[in-house]
Amino acid sequence: MMTDPDQAAGRRRRILVTGASSGLGAALARHHAAPGRTLLLWARDPARLEAVAADCRRAGATAQVRSLDLADSAAALAALAAEEAGGAIDLAILAAGLGDVRGRGRTVEEAVAVVRLGLVNFVTPGAMAAELAERMAARGRGDIVLIGSAAAAHSLPFAAAYAGSKAGLARLADALRVAVAPRGVRVLLVEPGPFDTPGGRLVPAPAWLTRRPEWVAARIARACERGQPRLTLPRFFAALRWVDRLLPRRARDRLLRALAPHQADAP
Ligand SMILES: NC(=O)c1ccc[n+]([C@@H]2O[C@H](COP(=O)([O-])OP(=O)(O)OC[C@H]3O[C@@H](n4cnc5c(N)ncnc54)[C@H](OP(=O)(O)O)[C@@H]3O)[C@@H](O)[C@H]2O)c1
């Protein structure tokens, strides 16, 4: 395995952040903004992207924005190749994602949501991570961070598309990690509980469980520097995963159905 002094020292010069126009992605972009770094910021909304890029430039980083829709996986892979042609990506943080819960009066989420969330939360970040993993493995170094969700561990009846898309991402992240670790590439799967962002506010969560995106971003950066394979936060959700696994199925199903009132404020 090649040893790279920059990676060993936790210095990453060329950093891709998807979902950089809002919430956690924006907080991660600002966290990593520093002199000597180039931030490649992706999302759809060019104005919000530019505002984040301006913050990053004020912190001394070089920031480039790219407006694209991750529902188009082929366009995302072409854009990734273009970014790599401009210089090897040292750290890729795939933070873009969509939340969802079933609408009022529905039993499950709409079929179209399964498609949309499948593409944005699983297919495109999964394809990008696979492409980056191969390229980074050839270079013998690199970090990939995938933002999943604590929801991936639970069969949420009001958010089957969301939980399913994030569960797919979690499995893919772990499989990639196992494949590329011997080649000097690290993959971190982040499984956060609720944090306070425009996306997070779609599903009301108790205040004591809800974190600020800056808090989450700082912990992700630290976990990445340490080479952790997985970060579940707050820890409450790691315990909840075990409860879900250990409860008898009928009791677990009853509990999950009882969560239904939490969909009330969904759009
Ligand atoms: N907030 C929570 O409570 C929570 C909990 C667990 C996991 N997560 C996950 O954490 C990540 C960040 O969430 P957040 O709360 O920060 O969400 P957010 O504030 O809604 O931001 C989502 C970001 O993803 C981008 N995005 C969404 N759809 C896109 C598409 N089709 N193409 C390109 N970019 C797209 C958005 O940019 P544009 O709108 O400009 O395209 C935005 O930058 C997501 O993966 C989410 O699933 C969030």
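For the structure itself, consult the block above.
Residues numbered from 1 in each chain as written. Predicted model: local features only at pLDDT ≥ 70, side-chain atom pairs only at ≥ 80, totals over all residues. Heavy atoms only, no water.

> Requested: an account of the site of the ligand, with residues and values cited.
Taken together, the neighbourhood of the ligand is formed by 31 residues, with Ser-22, Leu-24, Arg-44, Asp-69 and Thr-197 sitting nearest. Interatomic distance of 2.9 Å between a backbone N/O atom of Asp-45 and an oxygen atom of the ligand. The side chain of Tyr-162 places a nitrogen or oxygen atom 3.4 Å from an oxygen atom of the ligand. Listed by contribution, the elements that provide at least two residues to the shell around the ligand are helix 2 (23-32) and helix 6 (160-180). (Near = heavy atom within 4 Å. Polar contact = N/O pair within 3.5 Å; in protein donor to acceptor, adjacent residues only side chain to side chain. Helix = DSSP H or I, 4+ residues; strand = E, 2+ residues; numbered from the N terminus.)

> Quick rundown of the environment of Thr-197? Include the residues and the values.
Looking at the secondary structure, you find Thr-197 in the loop between strand 6 (185-192) and helix 7 (213-226). Under the relative-accessibility criterion, Thr-197 is labelled buried at 6%. Placed 13 residues apart in sequence, Thr-197 and Thr-210 show a C-alpha to C-alpha distance of 10.0 Å. Those residues in contact with Thr-197 that lie beyond four places of it in its chain are Gly-23, Leu-24 and Pro-213. In this structure the side chain of Thr-197 is engaged in a polar contact, spanning 2.9 Å, whose partner is the backbone nitrogen of Gly-200. (Buried < 20%, exposed > 50% of the residue type's maximum accessible area, 1.4 Å probe, protein only. Contact = heavy atoms within 4.5 Å.)

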